[in-house]
Amino acid sequence: MDMAKPSVAVVTGASAGVGRAVVRELARRGFDVALLARGSAGLDEARAEVVRSGRRALALPVDVADAGAVSDAAAGIERQLGPIAVWINNAVASVFSEFESMTPEEFERVTHVTYLGVVHGTRAALARMRFRDRGTIVQVGSALAYRSMPLQSAHCGAKAAIRGFTDSVRCELRHRRSGIRLTMVQLPALNTPQFDWGRAHLPHRPRPVPPVFQPEVAARAIVGATLRRPPREIVVGWPTLKAIVLGAKLFPGVGDWWLAKTGYGTQQASEAQDPDAPDNLFAPVPGDFGAHGRFDARAKSKAFEVLPSRIL
């Protein structure tokens with residue numbers, strides 16, 4: 001059964017990549033949008049896109065690793081735009097590297113942004129939604145929440161942690177018979193700027209493992225989940241389903257062997273990696289990067305969606 005369409009949505013990591021595509025889709029669907037991210041240029045242009053769509057927008061420079069800043073942002077959003085009906089936790093930080101080549105500070109930063117950013121966002125959203133006993137929180141995940149890969153240990157650990165955290169909080173909400181809905185959307189490899197500005201300790205530039213999909217595929221699934229009674233989880237694309245069912249559930253040992261054999265090559269392009277290339281791990285890279293990365297020529301624009309409870 002469709003739920004009444006909310007009016008105010010919050011997106012973290014809203015300035016680029018999946019977050020930017022989600023902002024555009026929300027505005028197209030008639031939402032007013034609050035945008036949280038660190039980079040001012042991307043935030044400003046994303047806000048302008050929402051306004052050009054005829055919707056209200058509020059851009060807030062926020063590092064989601066800072067719990068107090070996220071809470072303050074939520075309070076400001078409700079003062080300026082009204083009650084938050086949808087909160088989408090999407091912010092991410094990456095280091096493409098073997099684990100032993102990463103510093104403790106790098107690993108902690110990925111964890112603080114990618115995992116604890118979701119924790120902080122969920123806490124801020126629940127603090128406002130619980131008194132109204134309604135609202136939807138969407139956690140943006142990936143196949144890596146189930147099936148880890150080499151060269152992304154911090155990112156994979158964070159995505160798996162998000163899944164465990166979300167399942168636990170969902171049970172608590174059910175215990176309270178809460179009207180707040182909590183869902184997670186598991187995504188395939190996407191054509192986003194993550195592979196241009198993520199820190200890398202590799203001989204070659206990082207790239208997504210093919211097949212690659214456009215960020216609008218993710219945006220449609222994420223926003224679509226907010227327009228109906230959301231399922232506990234949505235899997236987007238055949239590669240994600242295959243990774244979860246075959247690589248994690250049925251044949252995890254085979255998955256380990258296959259990724260050990262192929263995972264290094266499939267995640268690196270032919271171009272050499274510049275060790276001095278700017279990255280956004282601890283500070284935003286200047287400029288507006290939009291939603292797409294450098295893989296438009298090979299990215300697919302459509303993917304099916306599956307509810308795992310129907311197949312597992």
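Read on for an overview of the structure. Given the structure is predicted, the values throughout are model-derived calculations rather than measurements.

What about the overall build of the chain?
Regarding its fold elements, the chain presents nine helices and 14 strands. For 312 residues, the compact-globule estimate of 2.2 N^0.38 gives 20 Å, and the C-alpha radius of gyration of the chain, at 18 Å, lies within 12% of that figure. Seen through its C-alpha atoms, the chain measures out along the principal axes to roughly 50 × 45 × 35 Å. Within the chain, buried positions represent 55% of all 312 residues. A separation of at least 24 residues holds for 78% of the contacts in the chain among residues at least 6 apart in sequence. Here the chain has roughly 13800 Å² of accessible surface; of this, 54% comes from carbon and sulfur atoms. Averaging the locations of the 40 positively and 29 negatively charged side chains of the chain gives two centres separated by 10 Å.

A short note on the packing of aromatic side chains
What the rule picks out here adds up to six aromatic pairs. Ring centres of Phe99 and Phe107 lie 5.8 Å apart, and the angle between their planes is 85 degrees; on these two criteria the pair is classed as edge-to-face. An angle of 45 degrees between the planes, with centres 5.9 Å apart, marks the rings of Trp257 and Trp258 as tilted. Its relative accessible area of 54% is what places Trp257 among the exposed residues. One aromatic cluster is present, formed by Phe96, Phe195 and Phe295 through successive ring pairs. In this structure, Arg163 is placed above the aromatic ring of Tyr146, and the distance from its NZ or CZ to the ring centre is 3.9 Å.

A word on the pattern of salt bridges
One pass over the structure, following the stated rule, counts 19 salt bridges. The salt bridge involving Asp196 is made with Arg205; its shortest N-O contact spans 3.1 Å. One network of salt bridges, in which partners are shared, links Arg20, Arg24, Glu49 and Asp288.

Section: unusual backbone geometry
For the bond from Pro210 to Pro211, the omega torsion is 0 degrees, close enough to zero to count as cis. Along the chain, Pro211 turns up in the loop between β9 (204-206) and β10 (212-213). Positioned with a positive phi, Asp133 is a non-glycine residue whose angle comes to about 55 degrees. Position of Asp133 relative to the elements: it lies in the loop between α4 (104-129) and β6 (135-142). On the basis of relative accessible area, Asp133 is assigned to the partly exposed category, the value being 39%. The backbone of Leu151 sits at a positive phi, close to 75 degrees, despite the residue not being glycine.

Side note on the packing of helix α3 (residues 67-80) against α4
Contact geometry for α3 and α4: axes closest at 9 Å, N-to-C directions at 35 degrees. Relative to α4, α3 is oriented so that their crossing is right-handed. Residues Ala67, Val70, Ser71, Ala74, Ala75 and Glu78 of α3 touch α4, and the partners they reach there are His120, Gly121, Ala124 and Arg128. Of the residues that constitute the contact of α3 with α4, the class distribution is five nonpolar, three polar and two charged.

Description of helix α7 (residues 215-226)
Counted at 1.5 Å a residue, the expected span for α7 with its twelve residues is 16 Å, and the 17 Å between its end C-alpha atoms agrees. Burial analysis of α7 places ten of its twelve residues in the buried class, which makes it a mostly covered element. If you check which residues of α7 are buried, you get Pro215, Val217, Ala218, Ala219, Ala221, Ile222, Val223, Gly224, Ala225 and Thr226.

Rules behind the numbers
Residues numbered from 1 in each chain as written. Predicted model: local features only at pLDDT ≥ 70, side-chain atom pairs only at ≥ 80, totals over all residues. Heavy atoms only, no water. Helix = DSSP H or I, 4+ residues; strand = E, 2+ residues; numbered from the N terminus. Rg over C-alpha atoms; globule rule 2.2 N^0.38 Å. Buried < 20%, exposed > 50% of the residue type's maximum accessible area, 1.4 Å probe, protein only. Contact = heavy atoms within 4.5 Å. Areas by Shrake-Rupley, 256 points an atom, 1.4 Å probe, with all protein chains shown as cover. Lys, Arg positive; Asp, Glu negative; His and termini not counted. Charge placed at Lys NZ, Arg CZ, Asp CG, Glu CD. Phe/Tyr/Trp six-rings, centres within 6.5 Å; stacked < 30°, edge-to-face > 60°. Lys NZ or Arg CZ within 6 Å of the ring centre and 35° of its normal. Salt bridge = Lys/Arg side-chain N within 4 Å of Asp/Glu carboxyl O. Axes fitted to C-alpha atoms, helices over the stretch in contact; angles between N-to-C directions. Left-handed = near helix turned anticlockwise from the far one by under 90°. Nonpolar A, V, L, I, M, F, W, Y, C, P; charged D, E, K, R; others polar. Expected span 1.5 Å × (residues − 1).

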